[in-house]
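A structural walkthrough
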Amino acid sequence: MNIILRELRANMKSLIIWSFAQMFIILAGMMKYVGFSKSGVDINSMLAGYPEGLMKAFGISAVDITKVDGFYTVFFLYFMLLAAIHAVMFGAVIVSKEERDHSADFLFSKPVKRIKVVFSKFIAGIFNILIFNLVTLLTSVVMIAQNNNGDGLIGQVTLLMVALFFIQLFFLTLGFLLGAVLKNTKLATSAATGIVLGTFFISILTDLSDKVSFLKYVTPFKAYSSVTVMFDHQIAVFPTLTLIICSAIFIVLGYKKFYSRDLNT
């Protein structure tokens, strides 16, 4: 428990910064919606002239963005991206930072097994992404309510946050694995961020061209459709199980690699 609290305190400043960044994106998105809704311009007709692939890539083709729920599903793509980067970087740093900060000799010389240390760090990571998820939820509900006659769409947004959590969990454990394998914090975070951005652009590419649509199975950003979750109130079971299984594999492989390596102090 002491290790969990230590990690939460050590990463509190970072979490606050990331949370404010997410709140800013949500605020900016809703301000843009207000601008659209008050402009008097038929946005749907204007967008009809854009290429279909481009519309699909940003989730615009399947929703009415003149309504707050439709607009929110489009911007959810960006909320998801920031959440993924936060999770993967936290996972990478939390494993490798003891060597970076030259505190490994202090932490691991105590009568505490590595598995307990690693497990405690992982639990701290879960708390971290849950808090980030909750900030996203509360901010979204408040901003939607302000532009939807007091209706924050709590049920729909909560379901979206459940889907988001499984994506966060995937990237948290992926970052953990990278931190264990690459050792160097800067290298691990760079690789982790690169993978997030790479899979994000793959998800967009699959909508732009049917020839590469098969790639949607290799990017977590295509695990869920925000439109389906928001309007059909459904979270796909198979992608959820896939993300959970992958997360379990990442954490086991990461622990095995971390357990067998020599720590630089």
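This text goes with the structure placed above it.
Overview of the structure. In every chain, residue numbers begin from 1 and rise along the written sequence. With the structure being a predicted model, the display of local features is reserved for residues of pLDDT at least 70 and the display and counting of side-chain atom pairs for 80 or more, all residues being used for whole-chain, interface and lining totals. Based on all heavy atoms of the structure, the side-chain values leave hydrogens and waters out of the count.

**Quick notes on the overall build of the chain**
Filter applied, for reference: Going along the chain from the N terminus, every DSSP run of H or I of four or more residues is numbered as a helix, and every run of E of two or more is numbered as a strand. For every residue, the accessible area (1.4 Å probe, protein chains only) is compared with the maximum for its type, and the residue is labelled buried under 20%, exposed over 50%, or partly exposed between those bounds. By definition in these notes, contact holds between two residues if any of their heavy atoms fall within 4.5 Å. Using a 1.4 Å probe, accessible areas were evaluated by the Shrake-Rupley method; residue-level cover was limited to the displayed protein chains.
Within the chain one finds 11 helices and 0 strands. Secondary structure of the chain in N-to-C order comes out as α-α-α-α-α-α-α-α-α-α-α. Across the 265 residues in the chain, those meeting the buried criterion constitute 48%. Residue pairs at least 24 apart in sequence account for 75% of intrachain contacts in the chain once pairs closer than 6 positions are excluded. Just so you have it, the chain exposes about 13,300 Å², and 68% of that area is on carbon and sulfur atoms.

**Here we look at the environment of alanine 192**
Tracing the chain through its elements places alanine 192 in helix α9 (residues 185–208). Along the chain, alanine 192 and valine 88 lie 104 residues apart, while their C-alpha atoms are 6.0 Å from each other. With near-sequence residues (within four places) excluded, alanine 192 lies in contact with Val88 and Leu178.

**Details of the side chain of histidine 86**
Its location among the elements puts histidine 86 in helix α5 (residues 68–100). A residue is classified by how much of its surface remains accessible, and histidine 86, at 3% relative accessible area, is buried. In this structure, histidine 86 is in contact with Leu15, Trp18, Asn128, Ile129 and Phe132, ignoring residues within four places of it in sequence.

**Observations concerning the packing of helix α8 (residues 154–182) against α9**
As a reminder, the rule being used: Axis lines are fitted through C-alpha atoms, for helices just across the contact stretch, and the angle between N-to-C directions can take any value from 0 to 180 degrees. Left-handed is the label given to a crossing in which the near helix is rotated counterclockwise from the far helix by less than a right angle, and right-handed is the label when the rotation is clockwise. Note on residue categories: nonpolar means Ala, Val, Leu, Ile, Met, Phe, Trp, Tyr, Cys or Pro, charged means Asp, Glu, Lys or Arg, and polar means any other residue, Gly included.
Where α8 contacts α9, the two axes come as close as 9 Å, and the packing angle between them is 140°. For the crossing formed where α8 meets α9, the hand is right-handed. When α8 is examined against α9, the residues Phe171, Leu174, Leu178, Gly179 and Leu182 are found in contact with a partner set consisting of Leu187, Ala188, Ala191, Ala192, Ile195, Val196 and Thr199. Its residues placed into classes, the contact of α8 with α9 shows 10 nonpolar, 2 polar and no charged.

**Structural notes on the packing of α8 against helix α11 (residues 237–260)**
As a reminder of what qualifies: Every angle not falling under 35 degrees, over 145, or within 65 to 115 is termed oblique; those three ranges are roughly parallel, roughly antiparallel and roughly perpendicular.
Two numbers describe how α8 lies on α11: the axes approach to 8 Å, and their chain directions differ by 20°. When the interaxial angle is binned, α8 and α11 end up roughly parallel. Where α8 crosses over α11, the handedness of that crossing is left-handed. The residues of α11 that touch α8, namely those facing Phe166, Ile167, Leu169, Phe170, Thr173, Leu174, Phe176, Leu177, Ala180 and Val181, are Thr240, Leu243, Ile244, Cys246, Ser247, Phe250, Ile251, Leu253, Gly254, Tyr255, Lys257 and Phe258. Looking at the contact of α8 with α11, its residues break down into 17 nonpolar, 4 polar and 1 charged.

**Re the nonpolar core**
Selection criterion: What we call a nonpolar core is a set of buried Ala, Val, Leu, Ile, Met, Phe, Trp, Tyr and Cys residues that are connected through their side-chain atoms within 4.5 Å.
Counting 66 residues, the largest nonpolar core has Tyr72 and Phe171 as the members making the most contacts within it. Elements supplying a minimum of two residues to this core: α2 (12–39), α5, α7 (114–146), α8, α9, α10 (226–232) and α11. Broken down by element, this core gets its largest block of residues, 19 residues, from α5. Each residue touching tyrosine 72, except ones within four places of it in the same chain, is listed here: Met30, Phe79, Ser140, Ile144, Val157, Leu160, Met161 and Met230.

**Side note on the environment of lysine 256**
Mapping lysine 256 onto the fold places it in helix α11. The spatial distance from the C-alpha of lysine 256 to the C-alpha of valine 181 is 9.8 Å, given a sequence separation of 75 residues.

**Considerations on unusual backbone geometry**
Phi at asparagine 149 is positive, roughly 55°, even though this residue is not glycine. Mapped onto the secondary structure, asparagine 149 falls in the loop between α7 and α8. Notably, leucine 153 is not glycine yet its phi reads approximately 50°, a positive angle. By the element assignment, leucine 153 lies in the loop between α7 and α8.

**Digging into a nonpolar patch on the surface**
Defined as follows: Within the patch definition used here, like charges are joined within 9 Å and nonpolar side chains (Val, Leu, Ile, Met, Phe, Trp, Tyr) within 5 Å, considering only residues with over 30% relative accessible area and no salt bridge. Salt bridges are defined by distance alone: a side-chain nitrogen of Lys or Arg within 4 Å of a carboxyl oxygen of Asp or Glu.
On the surface, Val237, Leu241, Ile244, Ile245, Ile249 and Leu253 cluster together to form a nonpolar patch covering roughly 540 Å² of accessible area. Assignment of secondary structure puts isoleucine 244 in helix α11. For isoleucine 244, a relative accessible area of 36% translates into the label partly exposed.

**What to know about the side chain of threonine 139**
If you trace the backbone, threonine 139 turns up in helix α7. Threonine 139 has contacts with Met23 and Ile26, leaving out every residue within four places of it along the chain.

**Describing the packing of aromatic side chains**
The following threshold applies: Stacked, edge-to-face and tilted labels apply to pairs of Phe, Tyr and Trp rings (six-membered ring for Trp) whose centres lie within 6.5 Å, assigned for plane angles under 30 degrees, over 60, and everything in between, in that order.
By the definition in use, this model includes 11 aromatic pairs. Between phenylalanine 76 and phenylalanine 79, the aromatic rings sit 6.4 Å apart at their centres with planes inclined by 85°, giving edge-to-face as the arrangement. Separated by 3 residues within a single helix, phenylalanine 76 and phenylalanine 79 lie in helix α5, roughly one turn from each other. Judged by relative accessible area, phenylalanine 79 falls into the buried class, the value being 0%.

Don't take any of this as a statement about function, it's just geometry.
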